[in-house]
Amino acid sequence: MKTKTEPATSLILGATGLVGGYIAEHLVRAGEHPLALSRSSQSKPGIDWFCGDLAKPETLRFPPFATLYCTADAILLPAALRYLFNPSMKRAIVFSSTSVLTKLDSEVAAERAKLKSLADAEQRIAAACEQHNVDWTILRPTLIYAEGRDTNITPLSRLIHRFGFMPLVGGAPGLRQPVHAEDLAIGAIAAASSPAAVNKIYALPGGETIPYREMIGRIFDGLRLPRRTIPVPTFLWRASFALARPLFPGANVAMGTRMTKDMAFDAAPAARDFGWNPRAFHPVFD
């Protein structure tokens, strides 16, 4: 049985992912013994693992906990919350994405539909938490990375390592703010303990705002390779994408055209309310 001097218990949804894993690591370092959900059996010291699937919330059973961290797909959370609320729960920290602002007008229908669902989920999460007197905070990261592990920067590094060059559509002037997964974990834990962050939505950009072309240049630097980029006019990218697609697995034409679009956000509210202070973008790849 916990005493008043023991740290409050947290539940992490998505603890095997990039950000969730760092949240678990930092909570354990701080002396907490968090609960964590995984679809497969896990074993890490200092964490109580529960096997289950957020997509099947009716099967979930947890001991009481005070703080919920959700780094899993937030679209699944509204339906699961009724099974997670408990009398001890006071705080919910939920990760969404700045894409709900930058890609809602995507030319790719599947992207538009997914982001509309994510925006709707944000509203439903906030409403459900307020109905149950649980303070919520929604965090919208920009471009998440962790060298060798992410699905944003690391695939670009592998393309560069394989081919030795990178095509840049329209000169790639669009602004970017890559943010490290560990900084997001630190920010989430800080937000959970900040009264100023209650019932608010924050953008969490990285520590620098740089053009897409410079972001690519720093990936070259992190690979210890000379910067070799090839400018591609937007109209030529559109016309030739079908041929180039094998070089960019999982890509769509909009990923190239967006190189010219600014996707930058204000970090000041997060800095003011819970000390958001992410690192600059200087990735290093083994």
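Residues numbered from 1 in each chain as written. Predicted model: local features only at pLDDT ≥ 70, side-chain atom pairs only at ≥ 80, totals over all residues. Heavy atoms only, no water.

Chemist: Would you mind going over unusual backbone geometry in detail, with residue names and values included?
Modeler: For Asn133, which is not glycine, the phi dihedral falls at a positive 55°. With a phi close to 55°, Asn199 is a non-glycine residue in the positive phi region. Mapped onto the elements of the fold, Asn199 is located in the loop between helix 6 (181-192) and strand 11 (200-204). Owing to a relative accessible area of 31%, Asn199 belongs among the partly exposed residues under this scheme. (Helix = DSSP H or I, 4+ residues; strand = E, 2+ residues; numbered from the N terminus. Buried < 20%, exposed > 50% of the residue type's maximum accessible area, 1.4 Å probe, protein only.)

Chemist: Provide a residue-level description of the pattern of salt bridges, including the pertinent values.
Modeler: Pairing of side chains with opposite charge becomes possible as their charged atoms draw close. Within this structure, the stated rule accounts for 12 salt bridges. Glu25 serves as the salt-bridge partner of Arg29, at 2.3 Å between the closest nitrogen and oxygen. Of this pair, Arg29 and Glu25 both sit in helix 1 (residues 18-29), separated by 4 residues, roughly a single helical turn. Judged by relative accessible area, Arg29 falls into the exposed class, the value being 58%. For Glu25, a relative accessible area of 33% gives the class partly exposed. Here the salt bridges do not stand alone but share partners, grouping Glu208, Glu214, Arg218, Asp221 and Arg227 into one network. (Salt bridge = Lys/Arg side-chain N within 4 Å of Asp/Glu carboxyl O.)

Chemist: An account of the packing of aromatic side chains is requested, with residue identities and associated values reported.
Modeler: By the definition in use, this model includes 4 aromatic pairs. With a centroid separation of 5.3 Å and an interplanar angle of 70°, the aromatic rings of Phe50 and Phe62 are classed as edge-to-face. Here Phe50, found in strand 3 (residues 48-51), pairs with Phe62, found in the loop between strand 3 and strand 4 (67-70); they are 12 residues apart in sequence, far enough to count as distant. What makes Phe62 buried here is its relative accessible area of 18%. (Phe/Tyr/Trp six-rings, centres within 6.5 Å; stacked < 30°, edge-to-face > 60°.)

Chemist: So what about the environment of Ala254? Which residues, and what values?
Modeler: Checked against the element boundaries, Ala254 lands in helix 9 (residues 253-257). A residue is classified by how much of its surface remains accessible, and Ala254, at 2% relative accessible area, is buried. Separated by 151 residues in sequence, Ala254 and Lys103 place their C-alpha atoms 9.6 Å apart. When sequence neighbours within four positions are dropped, the list of residues in contact with Ala254 reads Ser106, Glu107 and Val108. (Contact = heavy atoms within 4.5 Å.)

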